[in-house]
Amino acid sequence: MQANKRVKTLQRWIVGAAILFLLFGGAYFVLVPKTQAAQQQPIAFNHEAMVQLGITCEFCHTEARRSEAAGMPSVQKCMGCHQYIATNTPAIGILTGYWQRKEPIPWVRVNHLPRFVYFSHEVHVTVAGLACEKCHGDVGHMQVAVPVVNMTMGWCLSCHEKQPNAPQLKDCVVCHQ
C-alpha cells in the first residue's frame, strides 16, 4: 500500500514537472526574441552597397539620434536619390511602384524586443555614443540584414555591466513599461 502511494506521488511530480516545462518552454519561444534567418523583404535591399557608397546608417534611419525608434526611411527619402541613381534595376523598379502608388514599403521587422520592453535608440546612440554595429552587427557587410544577437534581458544587462559609463539597471521600470 505504501509503495503504491509513493508511485502515485512520483507520477504527480512527473506530470507537474512536465506541465511546468511545457508552460515555461512555450513562454520562452513566444516571448524571447531570437536570431534567425532573414525574412523575405518587399524589396531586396543591400546595406553593403549603400555603405560602400559612404552612406551611413543614420542617413536613412534618421530618427536614431532623436527618438526611441531608429525609424525606417520613407519612400520619398529613397526616391530622393533613386529617381536618378540605379533607376534600371529591378529593386528600384519595385521602389518606384510604391512611390507611384503613394504606398509605404511594408518592410518586415528584423530585430524584435517584447512589447513590454522600453528601449531608446536616442539614449544609446546620442548619450552613450554607441555605434549601430554594437547591437545590430556589421550590417554594412550584409547583403541581407539579419539579427545577430538575441536581444534578451540578460544580453542588455551584460552590456550594461561591461560598459564603464553605462548605468546599472537595478530598477525594473527603466526598461519594463
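Residues numbered from 1 in each chain as written. Predicted model: local features only at pLDDT ≥ 70, side-chain atom pairs only at ≥ 80, totals over all residues. Heavy atoms only, no water.

K.L.:
What is the right way to look at the confidence of the model for the protein in this model?
P.N.:
Counting all residues, the mean pLDDT for the protein is 83, and 86% of those residues have values of 70 or more. Taken element by element, the predicted model of the protein shows its lowest mean pLDDT in helix α1 (residues 2-31) (68) and its highest in helix α5 (residues 90-101) (95). (pLDDT = per-residue confidence, 0-100. Helix = DSSP H or I, 4+ residues; strand = E, 2+ residues; numbered from the N terminus.)

K.L.:
Explain the packing of helix α4 (residues 75-82) against α5 to me, please; I cannot follow it from the model alone.
P.N.:
Any two packed helices are characterised by how steeply their axes cross, that is the angle between the axes, and by the distance between the axes. Interhelical geometry of α4 versus α5 gives an angle of 130° and a closest axis separation of 10 Å. In terms of orientation, α4 lies oblique with respect to α5. Crossing handedness for the pair α4 and α5: left-handed. Contact with α4, carried on its side by Val75, Gln76, Cys78, Met79 and His82, involves Ile92, Leu95, Thr96, Tyr98 and Trp99 of α5 and no other residues of that element. (Axes fitted to C-alpha atoms, helices over the stretch in contact; angles between N-to-C directions. Parallel < 35°, antiparallel > 145°, perpendicular 65-115°, else oblique. Left-handed = near helix turned anticlockwise from the far one by under 90°. Contact = heavy atoms within 4.5 Å.)

K.L.:
Looking at this structure, I do not really get the pattern of salt bridges. What am I missing?
P.N.:
Pairs may arise between side chains of opposite charge once their charged atoms sit close together. Within this structure, the stated rule accounts for three salt bridges. Between arginine 65 and glutamate 58 there is a salt bridge, with its nearest N and O atoms 2.8 Å apart. Residue glutamate 58 is classed as partly exposed on the basis of its relative accessible area of 27%. Salt-bridge contacts for glutamate 103 lead to arginine 101; the nearest nitrogen and oxygen are separated by 3.2 Å. In this structure glutamate 103 comes out as partly exposed when scored by relative accessible area, which is 34%. (Salt bridge = Lys/Arg side-chain N within 4 Å of Asp/Glu carboxyl O. Buried < 20%, exposed > 50% of the residue type's maximum accessible area, 1.4 Å probe, protein only.)

K.L.:
Any chance you could explain the packing of aromatic side chains here in plain terms?
P.N.:
Two aromatic rings, taken as a pair, are described by how far apart their centres are and by the angle between their planes. For the structure shown, the criterion picks out one aromatic pair. Geometrically, the ring pair formed by phenylalanine 45 and tryptophan 107 is edge-to-face, given 6.3 Å between the ring centres and 80° between the ring planes. Of this pair, phenylalanine 45 sits in the loop between α1 and α2 (47-52) while tryptophan 107 sits in the loop between α5 and α6 (121-127), placing them 62 residues apart in sequence. Note that lysine 77 overlies the ring of phenylalanine 59, its terminal NZ or CZ placed 4.2 Å from the centroid. Between the NZ or CZ atom of arginine 101 and the centre of the ring of tyrosine 98, over which it lies, the distance is 5.0 Å. (Phe/Tyr/Trp six-rings, centres within 6.5 Å; stacked < 30°, edge-to-face > 60°. Lys NZ or Arg CZ within 6 Å of the ring centre and 35° of its normal.)

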